[in-house]
Amino acid sequence: MLDLHRLRLLRELKHRGTLAAVAQALDYTPSAISQQLTQLEAEVGVALREPAGRRVRLTPQAEILVAHTEAVLARLERAEAEVGASLAEVSGTVRVAAFQTAVLALAPGALARLRARHPRLRVELVQVEPDLSLLASREVDLVVDEEYRHLPAERPPGLRVRELLVDRMRLALPGGAVPPGGTAGAVRRAAGAPWILEPEGTPARTWAQAVCRSFGFEPDVLYETTDVRTHRRFVELGQAAAFLPDLLWAPEGARPGGLYPLPEEWRDRRVVAVVRDGADGHPALAAVLEALRGEGGGSGGGGGPQA
């Protein structure tokens, strides 16, 4: 009988690429990880690892084992969901990762609602940029992610997506400037302004550049940060143009002036919850999804149908 713990270590190695990364994530030493995998190789009777530069590549036999390990873990997750469903009261721990504006706009109200309705439910929240590897490694149970039009989301198999809300994006000019000509005038002003955007390689940056190019100009990006509150502050102080989401204003209840609508093909992003397949049947996770969706119903462009 193969040891499930060692199989999980092999699976972690596939997702993380190095023994050091696995050791750091699981709070082991690299030598301890290596010893466990060596024992697994002895159990199986074949090599499971081979060097690939500074990383480690799994052998074809290891890939077979990892595929079966994924299936076993998914089955165990469904079993846990069934046990939870058999209980009279929602309890347990749900770990959530969410990006900044979702944390600001959705999390406080959702967590308050959950504490009132399910006092035995513990929700742990971490603010990070969307990272689905956190689901694969089982560091979290739910990731709040974003999707932009014309920018297909690439997600690994074994995940399910649930829509929380549709958030409207708007053009914001430095200092809340109000040029003549409405949105067309705002675009002309934006073309000559410095910009603050998300870093290169992020979906938000790719989307923003595509919008600017559709308007016929390349943004002059002087400032880069994932902190959307910093984007807002630079706009307010007249230092840069930006694209700001309605979700940013949700805690205040009203948007300021000086924000311009985008054409329909660019104006919306979807805010979604991503979970492991089978996990959303767990009452605790279902309660968290319901609370987040409830908060999203009054934010941004309004909630939408389930994905």
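No experiment lies behind these values; they were computed from the predicted model shown. (Residues numbered from 1 in each chain as written. Predicted model: local features only at pLDDT ≥ 70, side-chain atom pairs only at ≥ 80, totals over all residues. Heavy atoms only, no water.)

S.K.: Explain the overall build of the protein chain here, please?
M.R.: A count of helical and extended segments in the protein chain gives 11 helices and 11 strands. Projected onto the principal axes, the alpha-carbon positions of the protein chain cover approximately 75 × 50 × 30 Å. A total of 307 residues make up the protein chain; the buried ones form 45% of that total. Counting contacts in the protein chain only where the partners sit at least 6 residues apart, residues at least 24 apart contribute 76% of the total. (Helix = DSSP H or I, 4+ residues; strand = E, 2+ residues; numbered from the N terminus. Buried < 20%, exposed > 50% of the residue type's maximum accessible area, 1.4 Å probe, protein only. Contact = heavy atoms within 4.5 Å.)

S.K.: Before we go on, may I ask you to explain the packing of aromatic side chains in this structure?
M.R.: Aromatic rings considered in pairs are described by the distance between their centres and by the relative angle of their planes. Applying the stated criterion across every chain, the model contains five aromatic pairs. Residues Trp195 and Phe217 carry aromatic rings whose centres are separated by 6.2 Å and whose planes lie at 35° to one another, so their mutual orientation is tilted. Remark: Phe217 occurs in the loop between helix H9 (203-214) and strand S8 (220-224) and Trp195 occurs in strand S7 (residues 194-197); sequence separation between them is 22 residues. Like Trp195, the residue Phe217 is buried in the burial classification. Taken together, Tyr148, Trp195, Trp207, Phe217 and Phe243 form an aromatic cluster joined through their ring pairs. (Phe/Tyr/Trp six-rings, centres within 6.5 Å; stacked < 30°, edge-to-face > 60°.)

S.K.: Help me understand the environment of Arg270 in this model?
M.R.: In this fold, Arg270 is placed in strand S11 (residues 268-276). With 84 residues separating them along the chain, Arg270 and Ala186 place their C-alpha atoms 25 Å apart. Among the polar contacts listed, one links the side chain of Arg270 to the side chain of Glu147, at a separation of 2.3 Å. Here the side chain of Arg270 touches Glu163 through a polar contact of 2.6 Å, side chain to side chain. (Polar contact = N/O pair within 3.5 Å; in protein donor to acceptor, adjacent residues only side chain to side chain.)

S.K.: Looking at this model, I keep getting lost on the pattern of salt bridges. Mind explaining?
M.R.: Charged atoms that come close allow side chains of opposite charge to pair. Inspection of the entire model under this criterion finds 26 salt bridges. Here Arg6 makes a salt bridge to Glu43, at a shortest N to O gap of 2.3 Å. With Arg6 in helix H1 (residues 4-16) and Glu43 in helix H3 (residues 30-44), this residue pair connects regions lying 37 residues apart in the sequence. Look at Glu43 and you get partly exposed, because its relative accessible area is 36%. Here the residues in one salt-bridge network are Arg149, Arg168, Arg267 and Asp268, joined through shared partners. (Salt bridge = Lys/Arg side-chain N within 4 Å of Asp/Glu carboxyl O.)

S.K.: What should I look at first to understand helix H2 (residues 19-26) in this one?
M.R.: Among the residues of H2, Leu19, Val22 and Ala23 are the ones counted as buried. Looking straight down H2, one finds that the buried residues subtend no more than 100° of arc, so they occupy a single side. Those residues of H2 that are buried lie in contact with H1, H3 and strand S1 (49-52). The positive-phi residue at the C-terminal boundary of H2 is Asp27, with phi of around 60°. (Arc of directions from axis to C-beta.)

S.K.: Sorry if this is basic, but what is going on with H3 here?
M.R.: Note that an α-helix has 3.6 residues per turn; residues three or four places apart therefore point the same way. In a regular helix each residue adds 1.5 Å, so 15 residues correspond to 21 Å; H3 covers 21 Å between its end C-alpha atoms and thus fits that length. Listed in full, the buried residues belonging to H3 are Ile33, Leu37, Leu40 and Glu41. Projection of H3 onto a plane perpendicular to its axis shows the buried side chains occupying an angular sector of 100°, all on one side. Buried-residue contacts for H3 involve H1, H2 and S1. Gly45, located one to two residues past H3, shows a positive phi value of around 90°. (Expected span 1.5 Å × (residues − 1).)

S.K.: Mind showing me how you'd approach the side chain of Arg170 here?
M.R.: Looking at where Arg170 falls in the secondary structure, it is placed in strand S6 (residues 159-172). Side-chain polar atoms of Arg170 contact the side chain of Asp246, separated by 2.7 Å. Excluding residues that lie within four positions of it along the chain, Arg170 makes contacts with Ala242, Phe243, Leu244, Asp246, Arg255, Leu259, Tyr260, Pro261 and Leu262.

S.K.: It is not clear to me how a nonpolar patch on the surface should be interpreted in this structure. Could you clarify?
M.R.: A surface patch of nonpolar side chains, about 180 Å² in accessible area, is lined by Leu2, Val44 and Val46. Its location among the elements puts Leu2 in the segment before H1. For Leu2, a relative accessible area of 34% puts it in the partly exposed group. (Patch = residues over 30% accessible without salt bridge, like charges linked within 9 Å, V, L, I, M, F, W, Y side chains within 5 Å. Areas by Shrake-Rupley, 256 points an atom, 1.4 Å probe, with all protein chains shown as cover.)

S.K.: Before we go on, may I ask you to explain unusual backbone geometry in this structure?
M.R.: Even without glycine at this site, His150 takes up a positive phi of about 65°. By secondary structure assignment, the location of His150 is in the loop between strand S5 (142-148) and S6.

S.K.: What should I look at first to understand the packing of H1 against H3 in this one?
M.R.: Where H1 contacts H3, the two axes come as close as 9 Å, and the packing angle between them is 115°. Here H1 is positioned roughly perpendicular relative to H3, judged by the angle of their axes. Once H1 is placed against H3, the crossing between them reads as left-handed. Between H1 and H3, the residues in contact are His5, Arg6, Leu7, Leu9, Leu10 and Leu13 and Ile33, Gln36, Leu37, Gln39, Leu40 and Glu43, respectively. Its residues assigned to classes, the contact of H1 with H3 comprises seven nonpolar, three polar and two charged. (Axes fitted to C-alpha atoms, helices over the stretch in contact; angles between N-to-C directions. Parallel < 35°, antiparallel > 145°, perpendicular 65-115°, else oblique. Left-handed = near helix turned anticlockwise from the far one by under 90°. Nonpolar A, V, L, I, M, F, W, Y, C, P; charged D, E, K, R; others polar.)

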